[in-house]
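# Fold and contact review
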Amino acid sequence: MDLAQLQAAMEAFEGCALRRTATNTVFADGNPAARVMVIGEAPGADEDRQGKPFVGVSGRLLDRMLGAIGLDRNSAYITNILPWRPPGNRTPTAAEIAMCLPFVRRHVALVDPAILVFVGGVSASTMLDRSEGIMKLRGRWHQYRTDEGNKTIDAMCVFHPAFLLRTPARKRDAWRDLLSIQARLITPD
């Protein structure tokens, strides 16, 4: 399976009720050959309308965050755990996440990035299979193990831009996380 086939499979998937209420399947944006893959939670209203992840106010902040460390949508690849917007931008349910998780795990395997950036608590705890929230997971490197189990990918958990817009005092912590990602890109361990 390649990325086009994965996208087609997701668009044809009937198992998740969110698909029926969404305007678009939000698959990904950016460069699939990039060393950095960013994974958020789920599309919001702007993303659902445009069919691309992180394009609203939070997306503009994410673009500025990536730009601060020399990345953009040509040097990063961006997707979400869920490809469909939950009504009212509510938090995805555990069942919705479990239903879509095989797609995102396959997405990671196909892109095979050097670094994963999990944006927000839902993305971080889901992808790392951890119960801790973003406050405990951010600020240090983790290892994401592929489905095959024979490969690990360096992963950093960062605050969601929507959280940073509501809580600007946490931007200092976010900046440290971004600098850590930049350093890992320059000198991989």
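In what follows, the structure referred to is the one given above.
Conventions we followed
- Residues numbered from 1 in each chain as written.
- Predicted model: local features only at pLDDT ≥ 70, side-chain atom pairs only at ≥ 80, totals over all residues.
- Heavy atoms only, no water.
- Core = buried A, V, L, I, M, F, W, Y, C linked by side-chain atoms within 4.5 Å.
- Buried < 20%, exposed > 50% of the residue type's maximum accessible area, 1.4 Å probe, protein only.
- Helix = DSSP H or I, 4+ residues; strand = E, 2+ residues; numbered from the N terminus.
- Expected span 1.5 Å × (residues − 1).
- Bend = angle between axes of the 7 residues up to and from the residue.
- 1 Å grid on protein atoms, 1.4 Å probe; cavity = no way out; pocket = protein on both sides within 12 Å on 5 of 7 lines; lining within 4 Å.
- Points joined across faces, edges and corners; volume = space filled by probe spheres on them.
- Nonpolar A, V, L, I, M, F, W, Y, C, P; charged D, E, K, R; others polar.

A separate point is the nonpolar core. Within the largest apolar cluster, 56 residues are counted, with the highest numbers of intra-cluster contacts made by Ile39, Leu116 and Phe118. If you tally residues by element for this core, the top one is helix H5 (residues 94-111), at 6 residues.

This part is about H5. Here H5 spans 25 Å end to end across 18 residues, near enough to the 26 Å set by a 1.5 Å rise per residue. Its maximal kink placed at Cys100, H5 deviates by approximately 40°, while the proline Pro102 follows within four residues. When H5 is considered as a whole, its buried residues turn out to be Glu96, Ile97, Cys100, Phe103, Val104, Arg105, His107, Val108 and Val111.

Another aspect to go through is unusual backbone geometry. Unusually for a residue other than glycine, Phe54 sits at a positive phi of about 50°. By the element assignment, Phe54 lies in the loop between helix H3 (45-50) and helix H4 (57-68). One non-glycine residue, Asp129, adopts positive backbone phi at about 55°. Position of Asp129 relative to the elements: it lies in the loop between helix H6 (121-128) and helix H7 (134-137).

Our focus in this paragraph is empty space enclosed by the protein. On inspection of all chains with the given rule, the structure shows 2 cavities of 30 Å³ or more. What the largest cavity holds in volume is close to 60 Å³. Val36, Val38, Leu62, Met65, Leu66, Ile69, Leu71, Val117, Val158, Leu178 and Ile181 are the residues that line the largest cavity. For the lining of the largest cavity, the elements supplying multiple residues, two or more each, are strand S2 (36-40), H4 and helix H9 (171-186). For the lining of the largest cavity, the element with the most residues is H4, which contributes 3 residues. Class assignment of the residues belonging to the lining of the largest cavity gives a composition of 11 nonpolar, no polar and no charged. Roughly 40 Å³ of volume is contained in the second largest cavity. Lining the second largest cavity are Arg105, Val108, Ala109, Tyr144, Thr146, Asp147 and Glu148.

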